[in-house]
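Tertiary structure, described
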Amino acid sequence: MDHQGEFRRAALELGVPDDEISRFSRHLRLAIGLSGGSGGPPVGHIGGLPRLPVGMKWPSAGDIPLPLLFSVDCGALPRVDGFGLPPDGTLLFFVNQEMDHEVSSGRYARVVYVPDGTETAVAKAPGSVCVRKQFSVCAELRAELPLWLQEGDEDEDWHPYWEDLEWDDMSSFQRQLARYMERDLPHLDELRALADGLWPSGTGVLIGGYADDEVINSIAEQALAGREKEGEIPAIPIAKWYSRLEEEKHQLTNEWISLARELPEYEAYCTSFVIRHDDLVAARVDKTLAVTHFEAP
């Protein structure tokens with residue numbers, strides 16, 4: 001289905017200029033929401049036992065087997081333009097969330113891709129691994145925008161990207177983005193509402209969309225520090241570090257995508273799996289980075 005065309009036609013009917021629709025659409029990503037009870041055909045499972053290639057050992061970190069979080073049938077998922085998910089096969093997500101949260105090294109998470117045609121069998125769970133109760137999930141499309149374009153609080157002068165910063169407290173890059181929103185996206189509220197109306201937000205697991213800001217922030221900090229250390233860029237003065245970091249995050253947001261992430265729940269661990277676009281297109285899921293957070297009340 002031509003989702004971009006569907007959005008453009010609906011926006012034109014609202015009287016939004018075509019060039020503004022194009023600018024907004026460059027930032028709009030469609031993610032695939034997985035949840036139970038939506039009534040559609042099943043596209044995967046939360047928990048349960050995995051079907052692994054015959055002879056493959058249960059994914060582990062050293063001698064610690066990793067629980068299966070969820071699995072999806074790529075061929076059954078809705079196709080989304082610009083999202084290089086494999087057209088078929090199965091993606092399986094393993095993680096020991098407590099250990100991944102404590103260590104923050106990524107070694108306690110694995111993503112396994114099993115192409116169609118591979119001989120598989122239901123794996124027997126190692127005695128020490130926690131097997132979650134299995135239930136089927138269905139798919140619905142969700143609209144996603146980068147953090148800086150998301151809607152703020154209508155009752156307060158607040159925005160999720162720069163929160164309640166005064167203009168003088170914003171970095172130069174944040175000011176640049178604010179001017180862009182005001183000058184080039186005058187119908188931003190209408191466009192956001194339209195996208196959410198076509199593809200409303202929900203709960204559960206998201207496949208695709210934007211990577212969590214905390215994850216991108218960590219990648220950006222490491223990238224900048226690494227280039228400084230190697231002499232690829234001049235040392236960044238402390239006073240300019242924040243603004244330079246915001247620019248780096250903006251660029252990385254275009255290079256990285258959320259392969260999958262759990263939406264926060266009350267007092268629960270939730271894991272984000274992020275990957276570069278190029279690695280996803282090549283099915284190099286071993287390049288996936290995983291970060292687990294604990295959502296406290």
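Residues numbered from 1 in each chain as written. Predicted model: local features only at pLDDT ≥ 70, side-chain atom pairs only at ≥ 80, totals over all residues. Heavy atoms only, no water.

1. Considering the overall build of the protein
When helices and strands are tallied, the protein shows eight helices and 14 strands. Taken over the C-alpha trace, the protein has a radius of gyration of 21 Å; the compact-globule value for 297 residues is 19 Å, and the two agree within 12%. Viewed in the frame of its principal axes, the protein has a C-alpha envelope of about 60 × 50 × 40 Å. Looking at the protein as a whole, 44% of its 297 residues qualify as buried. (Helix = DSSP H or I, 4+ residues; strand = E, 2+ residues; numbered from the N terminus. Rg over C-alpha atoms; globule rule 2.2 N^0.38 Å. Buried < 20%, exposed > 50% of the residue type's maximum accessible area, 1.4 Å probe, protein only.)

2. Thoughts on the environment of Trp256
Mapped onto the fold, Trp256 is located in strand β12 (residues 256-262). On the accessibility criterion, Trp256 (6% relative accessible area) is buried. Sequence separation of Trp256 and Asp279 is 23 residues, and the distance between their C-alpha atoms is 9.5 Å. Those residues within four positions of Trp256 in sequence are excluded, and the remaining contacts are Arg29, Ile216, Ile219, Val274, Ile275, Arg276, His277 and Leu289. (Contact = heavy atoms within 4.5 Å.)

3. A few points about the packing of helix α1 (residues 3-13) against helix α5 (residues 188-198)
For the pair α1 and α5, interaxial distance at closest approach is 11 Å and the crossing angle is 130°. In this view, α1 runs oblique relative to α5, as classed from their interaxial angle. Classified by chirality, the crossing of α5 by α1 is right-handed. When α1 is examined against α5, the residues Glu6, Phe7, Ala10 and Ala11 are found in contact with a partner set consisting of Leu191, Leu194, Ala195 and Leu198. For the contact of α1 with α5, the residue count by class is seven nonpolar, no polar and one charged. (Axes fitted to C-alpha atoms, helices over the stretch in contact; angles between N-to-C directions. Parallel < 35°, antiparallel > 145°, perpendicular 65-115°, else oblique. Left-handed = near helix turned anticlockwise from the far one by under 90°. Nonpolar A, V, L, I, M, F, W, Y, C, P; charged D, E, K, R; others polar.)

4. Things to note about the pairing of strand β10 (residues 135-144)
Across seven bridges, the pairing between strand β1 (residues 29-35) and β10 is antiparallel. Considered in β10, the bridge of Leu30 is made with Ala143. With three bridges joining them, strand β2 (residues 44-46) and β10 adopt antiparallel strand pairing. Following the sheet pairing, His45 is matched in β10 by Ser136. (Pairing = 2+ DSSP bridges.)

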